[in-house]
Amino acid sequence: MRIPLSAFLLVMLALPAQAAPRDDRLWAAAQAEAPLAVDTLRSLVNIETPTREVGGMAEMGDILAARLIALGAAVEKIPAAAPAHGSVIIGRFAGTGTAKIVLIAHMDTIYPVGTLAKRPFRIQGDRAYGPGIADDKSGLTVILHSLAALKAVGFRRFGQLTVMFNTDEEQTSVFSAKIVTDLASQADVIMSFEPSTVGVEIIPRAAAGNGETRVIVSGRASHAGGAPERGRNALVEAADIVLKTRDLDDPANGFRFNWTQINGGTIRNQIPDQAVISADTRHLSKSVLDDKLAQLAQRLTTPLVPDTTARMEYRPGRPGYFADAASAALIDKAVSIYKEVGGVLTPVPAMTASTDAGYAQLSGKPVIEGLGLPGYGYHSSQEEYVDLSRIAPRIYLAAKMVIELSGQ
Ligand SMILES: [Zn+2]
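Computed from a predicted model, the values in this text were never measured in an experiment. (Residues numbered from 1 in each chain as written. Predicted model: local features only at pLDDT ≥ 70, side-chain atom pairs only at ≥ 80, totals over all residues. Heavy atoms only, no water.)

Novice: Any chance you could break down the coordination of the zinc ion for me, citing the residues and the numbers?
Specialist: At this site the zinc ion is bound by His106 (NE2), Asp135 (OD), Glu194 (OE) and Glu194 (OE), with donor distances of 1.9 to 2.8 Å. For the zinc ion, the four donor atoms in the first shell make angles of 51 to 146° at the metal, so the coordination geometry reads as irregular. On the primary sequence, the residues serving as donors to the zinc ion are separated as H-x28-D-x58-E. Separated by 59 residues along the polypeptide, Asp135 in the loop between β5 (127–129) and α5 (137–152) and Glu194 in the loop between β7 (189–192) and β8 (196–197) bring together distant segments of the chain. The residues Asp135 and Glu194 share a single accessibility class, namely buried. (Donors = N, O, S within 2.8 Å, 3.2 Å for Na, K, Ca; no water. Tetrahedral: all angles 85-135°; square planar, octahedral: opposite > 155°, others 65-115°. Helix = DSSP H or I, 4+ residues; strand = E, 2+ residues; numbered from the N terminus. Buried < 20%, exposed > 50% of the residue type's maximum accessible area, 1.4 Å probe, protein only.)

And the structure:
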């Protein structure tokens, strides 16, 4: 009887984490790649790639495709449809084994064109600075150089290694989400290369799902000066809903609910008959989300302004990532491998960012997140940097994960 590979992988992953010896050849290869990886970081940071930047994104895609081809991949470019730009780059490496492993990272950043001129790439001590250098140019770099390290030691016992670089992660992967989920569905395991954190290098056991909650309030229009009492003020009702639902925000239970937009009324001298309010909504548990939305719906049934009605819509964004048993075993494996080169990975219960690990996990396959470089300052107004001293250990980590997941 042929044991399905996924079952085989689960057994492999369930084995207790031994204090395995370092693979010296692989470590030497990872160290040899480290200075080259710094060059890669520099060249990738020097192309500005905010999600909507057509020229930069095309240039970045071409460079990454050429790098993958040079490493021996068959490359497919899938042109992105609006609102995304550039092309999703997929590189496939055929090996001699059976394991199907997918590695993902994203090309786009949150920084508008011109940021690079203000904050050019620079190295100071163990830090390299630049817009998007951690999120997620470090992920692209670790993937490219761990593939190079595997090539240097002649490792080909995977079945198929698939690399996917998308262009719209920072805009919730509206275009590429389906590609991520489809690739994951055809794989045994997915490794995602978002950045980690400097100092204490975290690895998340969960990443938030996000969405938008809207409430549409309907009232009755009337002249604001002549007959206001005949109107039913939708704006006043919406304001009351905002005030009486602020307590739905519940960080202790991994739930964030914050009103961020309100629209209502068309002209000053008319009681408005319509108002729309919208709340940024994030969850770490589907049941908590469902419970909170039910509470909101309940509160809409008792309006402050008589005769107004309110209806609610929840628009899901990116699904959350929650490490199941197989994914947790993958995290244990990463912790153990990193120790081989003196590294410490610290698993944490959750991170509030949402990532493509959520779309990968819709496949039901084991997923691990946070395999880029330790970095600081991403998605903030502070200057973004990565810790260069962790490049060789991170290349070793990714390459050794591929080796062990290939079941040798
Ligand atoms: Zn990212």
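Still more to cover.
Novice: I'd like a rundown of the packing of helix α2 (residues 24–45) against helix α11 (residues 391–405), residues and numbers included.
Specialist: Where α2 contacts α11, the axes come no closer than 8 Å and their chain directions differ by 120°. Relative to α11, the element α2 is oriented oblique. For the element pair α2 and α11, the recorded crossing hand is right-handed. Residues Leu26, Trp27, Ala30, Gln31, Glu33, Ala34, Ala37, Val38 and Leu41 of α2 form the contact with α11, whose own contacting residues are Ile391, Ala392, Pro393, Ile395, Tyr396, Ala399, Lys400 and Ile403. Tallied by class, residues from the contact of α2 with α11 come to 14 nonpolar, one polar and two charged. (Axes fitted to C-alpha atoms, helices over the stretch in contact; angles between N-to-C directions. Parallel < 35°, antiparallel > 145°, perpendicular 65-115°, else oblique. Left-handed = near helix turned anticlockwise from the far one by under 90°. Contact = heavy atoms within 4.5 Å. Nonpolar A, V, L, I, M, F, W, Y, C, P; charged D, E, K, R; others polar.)

Novice: Now, about the layout of surface pockets: what can you tell me, with residues and values included?
Specialist: If you add up the space inside the largest pocket, you get close to 510 Å³. Forming the walls of the largest pocket are 19 residues, and the residues nearest its centre are Asp135, Ala353, Ser354, Tyr378 and His379. (1 Å grid on protein atoms, 1.4 Å probe; cavity = no way out; pocket = protein on both sides within 12 Å on 5 of 7 lines; lining within 4 Å. Points joined across faces, edges and corners; volume = space filled by probe spheres on them.)

Novice: I'd like a description of the packing of aromatic side chains, backed by residues and values.
Specialist: In total, this model carries six aromatic pairs according to the counting rule given. Here the aromatic rings of Phe257 and Trp259 are separated by 5.1 Å at their centres, their planes lie at 85°, and the arrangement is edge-to-face. Feature note: the residues Tyr129, Tyr376 and Tyr385 constitute an aromatic cluster, connected by ring pairs. In this arrangement the basic side chain of Arg122 is found over the ring face of Tyr129, its NZ or CZ atom lying 4.0 Å from the centre. (Phe/Tyr/Trp six-rings, centres within 6.5 Å; stacked < 30°, edge-to-face > 60°. Lys NZ or Arg CZ within 6 Å of the ring centre and 35° of its normal.)

Novice: Hey, could you go over the packing of α2 against α5 for me, with residue numbers and the actual values?
Specialist: Each pair of packed helices can be described by the angle between their axes along with the distance between the axes. Axis separation between α2 and α5 bottoms out at 8 Å; the angle between their running directions is 145°. In the crossing of α2 with α5, the sense of the turn from one axis to the other is right-handed. Two secondary-structure elements touch here, α2 through Arg25, Leu26, Ala29, Ala30, Glu33, Leu36, Ala37, Thr40, Leu41, Leu44 and Val45 and α5 through Lys137, Ser138, Leu140, Thr141, Leu144, His145, Ala148, Ala149 and Ala152. Considering only residue class, the contact of α2 with α5 consists of 13 nonpolar, four polar and three charged.

Novice: Please set out the environment of Val200 residue by residue, giving values where relevant.
Specialist: With respect to the helices and strands, Val200 occurs in the loop between β8 and β9 (201–204). Judged by relative accessible area, Val200 falls into the exposed class, the value being 52%. Placed 174 residues apart in sequence, Val200 and Pro374 show a C-alpha to C-alpha distance of 8.7 Å.

Novice: Describe in detail the pattern of salt bridges, supporting the description with residues and values.
Specialist: What the rule picks out here adds up to 24 salt bridges. A salt bridge links Asp250 to Lys292; the shortest N-O distance between them is 3.0 Å. Linking Asp250 in the loop between α7 (234–244) and β13 (255–264) with Lys292 in helix α8 (residues 286–299), this pair joins segments that are 42 residues apart in sequence. For Asp250, a relative accessible area of 16% puts it in the buried group. The buried category is assigned to Lys292, whose relative accessible area is 9%. A salt bridge links Arg311 to Glu313; the shortest N-O distance between them is 3.2 Å. (Salt bridge = Lys/Arg side-chain N within 4 Å of Asp/Glu carboxyl O.)

Novice: Lay out the domain arrangement of the protein in plain terms, naming residues and giving numbers.
Specialist: Accessible area lost when the parts come together is the quantity often used to give the size of an interface. Under the domain assignment used here, the protein contains domain 1 (5–207 + 320–405) and domain 2 (211–316). On a C-alpha basis, the centroid separation for the pair domain 1 and domain 2 is 40 Å. Facing six residues of domain 1, the contacting portion of domain 2 comprises four residues. Of the roughly 360 Å² buried at the junction of domain 1 and domain 2 (both faces included), carbon and sulfur atoms supply 66%. (Domains from an automatic or database assignment. Buried area = accessible area lost by both parts, 1.4 Å probe.)

Novice: If you had to explain the side chain of Lys137 to someone new, which residues and values would you point to?
Specialist: With respect to the secondary-structure elements, Lys137 resides in helix α5. For Lys137, which is buried and forms no salt bridge, the nearest opposite charge comes from Glu48, at a distance of 8.0 Å. Within the structure, Lys137 has its side chain in polar contact with the side chain of Thr49 (distance 2.9 Å). Residues within four places of Lys137 in sequence aside, it is in contact with Leu41, Leu44, Val45, Ile47, Thr49, Met60, Met107, Thr109 and Gly132. (Lys, Arg positive; Asp, Glu negative; His and termini not counted. Polar contact = N/O pair within 3.5 Å; in protein donor to acceptor, adjacent residues only side chain to side chain.)

Novice: Can you lay out the sheet that holds strand β20 (residues 374–376) for me, pointing to particular residues and giving the numbers?
Specialist: In space, the five strands of this open sheet follow the order β4-β5-β21-β20-β8, with mixed pairing throughout. In the strand order of this sheet, the two ends are held by β4 (122–124) and β8, each with one partner. As defined by bridge partners, β20 adjoins strand β21 (residues 385–387) across two bridges and the pair is classed as antiparallel. The residue of β21 that forms the bridge with Gly375 is Val386. (Pairing = 2+ DSSP bridges.)

Novice: Mind laying out unusual backbone geometry, listing which residues take part and the relevant values?
Specialist: Looking along the chain, the bond that leaves Ala82 and enters Pro83 is cis, with omega of 10°. Mapping Pro83 onto the fold places it in the loop between β1 (74–79) and β2 (87–94). Residue Asp136 follows Asp135 across a cis peptide bond; omega there is 10°. Structurally, Asp136 can be placed in the loop between β5 and α5. Of note in this structure, Thr172 is not a glycine but carries a positive phi near 60°. As for its placement among the helices and strands, Thr172 is situated in the loop between β6 (160–166) and α6 (177–185).

Novice: Any details on α8? Residues and values, ideally.
Specialist: Since the α-helix packs 3.6 residues into each turn, any two residues three or four apart lie on the same face. Relative to the 20 Å expected for 14 residues at 1.5 Å per residue, α8 spans 20 Å between its end C-alpha atoms, a close match to the ideal helical length. Looking only at α8, the buried set comprises Val288, Leu289, Lys292, Leu293 and Leu296. Taken around the axis of α8, the buried residues stretch over an arc of 130°, which confines them to a single face. Across from the buried face of α8, at angles greater than 90 degrees, the exposed residues are Lys286, Ser287 and Gln298. If you follow the buried residues of α8, they end up packed against β11 (209–218), β13, β15 (274–283) and β16 (309–316). (Expected span 1.5 Å × (residues − 1). Arc of directions from axis to C-beta.)

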